[in-house]
Amino acid sequence: MIILKIIGIIIGLGLLWLLAFYIYFRKQVKKSIIMESLDLSLPKSWKELSEKQFLYVCNLMLNENTPTEIHTKCFIYFAGITVLEHINSGIWVCLHEKKRFTISDYEVQYFAKNLSFLTETITEVTPLSEIAGYKHIHPRFEGCPFKQWMAAENYYQAYIYTRDDVFLDKLCAVIYSVDNPESDQSFDDRDTNKRSKKFKKVPLIQKLTVFVMYAGLKDRLTKEFPYFFQKIDTKTNEVTDRQPPKMREHFSRMIYVLNGGNVGETEKVLNADCWRAFDTLNYKAYENQEMEQRLKKMNKK
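Residues numbered from 1 in each chain as written. Predicted model: local features only at pLDDT ≥ 70, side-chain atom pairs only at ≥ 80, totals over all residues. Heavy atoms only, no water.

Asker: Explain the sheet that holds strand 3 (residues 99–104) here, please?
Answerer: Consider a sheet: its strands pair through backbone hydrogen bonds, and that pairing is either parallel or antiparallel. Spatial strand order, 1-2-3: three strands in an open sheet with antiparallel pairing. Single-partner strands in this sheet number two, and they are strand 1 (81–88) and strand 3. For this sheet, the mean inter-axis angle between neighbouring strands, taken without regard to orientation, is 30°. Where strand 1 and strand 2 (residues 91–96) come together, six bridges link them in antiparallel fashion. Of the residues in strand 2, the one forming a bridge with Ile81 is His96. Sheet contacts for helix 4 (residues 105–112): strand 2 and strand 3; angle to strand 3, the most-contacted strand, approximately 90°. (Pairing = 2+ DSSP bridges. Helix = DSSP H or I, 4+ residues; strand = E, 2+ residues; numbered from the N terminus. Axes fitted to C-alpha atoms, helices over the stretch in contact; angles between N-to-C directions. Contact = heavy atoms within 4.5 Å.)

Asker: Whenever I open this one, a positive patch on the surface confuses me. Can you help?
Answerer: Residues Lys194, Lys197, Lys198 and Lys200 make up a contiguous surface patch of positive charge. Position of Lys194 among the secondary structure elements: in helix 7 (residues 192–196). (Patch = residues over 30% accessible without salt bridge, like charges linked within 9 Å, V, L, I, M, F, W, Y side chains within 5 Å. Areas by Shrake-Rupley, 256 points an atom, 1.4 Å probe, with all protein chains shown as cover. Salt bridge = Lys/Arg side-chain N within 4 Å of Asp/Glu carboxyl O. Lys, Arg positive; Asp, Glu negative; His and termini not counted. Charge placed at Lys NZ, Arg CZ, Asp CG, Glu CD.)

Asker: Would you mind going over the state of the cysteines with me for this structure?
Answerer: Defined simply, a disulfide is a covalent bond joining two cysteines at their sulfur atoms. Scanning all chains against the criterion turns up zero disulfides. No disulfide involves Cys144; its nearest neighbouring cysteine sulfur is the one of Cys274, lying 6.0 Å away. (Disulfide = S-S within 2.5 Å.)

Asker: I'm lost on the pattern of salt bridges in this one. Help?
Answerer: Opposite charge on two side chains makes pairing possible when the charged atoms of those side chains draw close. On inspection of all chains with the given rule, the structure shows eleven salt bridges. With its nearest N and O atoms 2.8 Å apart, the salt bridge here joins Lys207 to Asp169. Remark: Asp169 occurs in helix 6 (residues 165–175) and Lys207 occurs in helix 8 (residues 204–224); sequence separation between them is 38 residues. Each member of the pair Lys207 and Asp169 is classed as buried. A network of salt bridges, in which partner residues are shared, links Glu124, Arg140, Glu142, Arg220 and Glu224. (Buried < 20%, exposed > 50% of the residue type's maximum accessible area, 1.4 Å probe, protein only.)

Asker: Got a minute to help me understand unusual backbone geometry in this structure?
Answerer: A negative phi angle is the norm for most residues apart from glycine, just as the trans form is the norm for most peptide bonds. One non-glycine residue, Glu64, lies in the positive phi region at around 55°. According to the relative accessible area criterion, Glu64 is exposed, its value standing at 71%. Even without a glycine there, the phi angle at Lys98 is positive, about 65°. For Lys98, the location among the structural elements is in the loop between strand 2 and strand 3.

Asker: Just checking my understanding: could you explain helix 9 (residues 247–259) for this structure?
Answerer: In an α-helix, one turn spans 3.6 residues, which is why side chains three or four residues apart end up on the same side. In this model helix 9 runs 18 Å from its N-terminal to its C-terminal C-alpha over 13 residues, within 8% of the 18 Å that 1.5 Å per residue would give. Looking one or two places after helix 9, you find Gly260, whose phi comes out positive at around 65°. (Expected span 1.5 Å × (residues − 1).)

Asker: It is not clear to me how a nonpolar patch on the surface should be interpreted in this structure. Could you clarify?
Answerer: A cluster of nonpolar side chains, contributed by Tyr227, Tyr283 and Tyr286, occupies part of the molecular surface with about 290 Å² of accessible area. Topologically, Tyr283 is positioned in helix 11 (residues 274–300).

Asker: Quick question: what am I supposed to make of the nonpolar core here?
Answerer: Ranked by size, the top nonpolar core spans 71 residues in total, and within it Leu118, Phe141 and Trp149 carry the most contacts. When residues in this core are grouped by element, the largest group, ten residues, is from helix 8. Residues contacting Leu118, with those up to four places away along its chain left out, are Trp46, Leu49, Val57, Met61, Ile70, Cys74 and Phe78. (Core = buried A, V, L, I, M, F, W, Y, C linked by side-chain atoms within 4.5 Å.)

Asker: Please explain the packing of aromatic side chains as it appears in this structure.
Answerer: Note on aromatic pairs: each is described by the distance of the centres and the angle between the planes. In the structure shown here, the tally under the stated rule is 22 aromatic pairs. Ring centres of Phe225 and Phe229 lie 6.4 Å apart, and the angle between their planes is 55°; this geometry places the pair in the tilted category. Owing to a relative accessible area of 2%, Phe225 belongs among the buried residues under this scheme. Ring centres of Tyr283 and Tyr286 lie 6.4 Å apart, and the angle between their planes is 35°; this geometry places the pair in the tilted category. Here the residue Tyr283 and the residue Tyr286 both occupy positions in helix 11, the gap between them amounting to three residues, near one helical turn. Ring pairing ties together the aromatic residues Phe146, Trp149, Phe225, Phe228, Phe229, Phe251, Trp275 and Phe278, which thus form one cluster. (Phe/Tyr/Trp six-rings, centres within 6.5 Å; stacked < 30°, edge-to-face > 60°.)

Written as structure tokens, this is what we have:
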């Protein structure tokens, strides 16, 4: 009888072991049902970001994520990946469009590098369609009066050097100044202060998109008008190490070049099309550069 009981116990334990193994096996089989290939679509530039993606990137910047964290988190978010569990060292089970797949740490790093542009130079950005009930002007300031760009540049520089949200609100009020596309859109900076108050209650992340958008515009302008808009090497010249620009002096010089010293033409200059003004300033800067090079050659002789 004792022997039969022992045999029964052994058989019972064996059956339990088989049941446990079966459950484990089914679980592993379920994990192994993985897509053989995965088609992921990622943006290749700032301009390709959707509004949700743009806001997500700005949120990461606002929370001071490292470049690597920004690349990795954006890869997961942009690709629409949901992380399910960690199998073992360096291997993750994820979900994409209701299909399971595995991905290694190395692969995540590889794909995330394709988003390195997010932490390098900010290029042209597609702005949010509307903020605080206002629509934005042309992202490149095309068709806008020169004085509107001057106002934006002034508030942009002021915010960089002071980090005072008042100037960020005003930058937003200059760029998002269209309340009725069918009405007269003439710009008057005296209205900026009143309009900027509506941006005080706007979440900082939305206002940050305006700052980023303008930074992207500046990159575009350096390509279109390289003699007038020159790039600054931010890697070797940190903002905190530079003196704030004397904006009044800079603008006075620009106006002088554009009106030829004729004060009576100043109003026309301020209302001139931005890009036509940039063209003239760029050509004058080119002429000055050519003249300086000629003088240097003459002095060497």
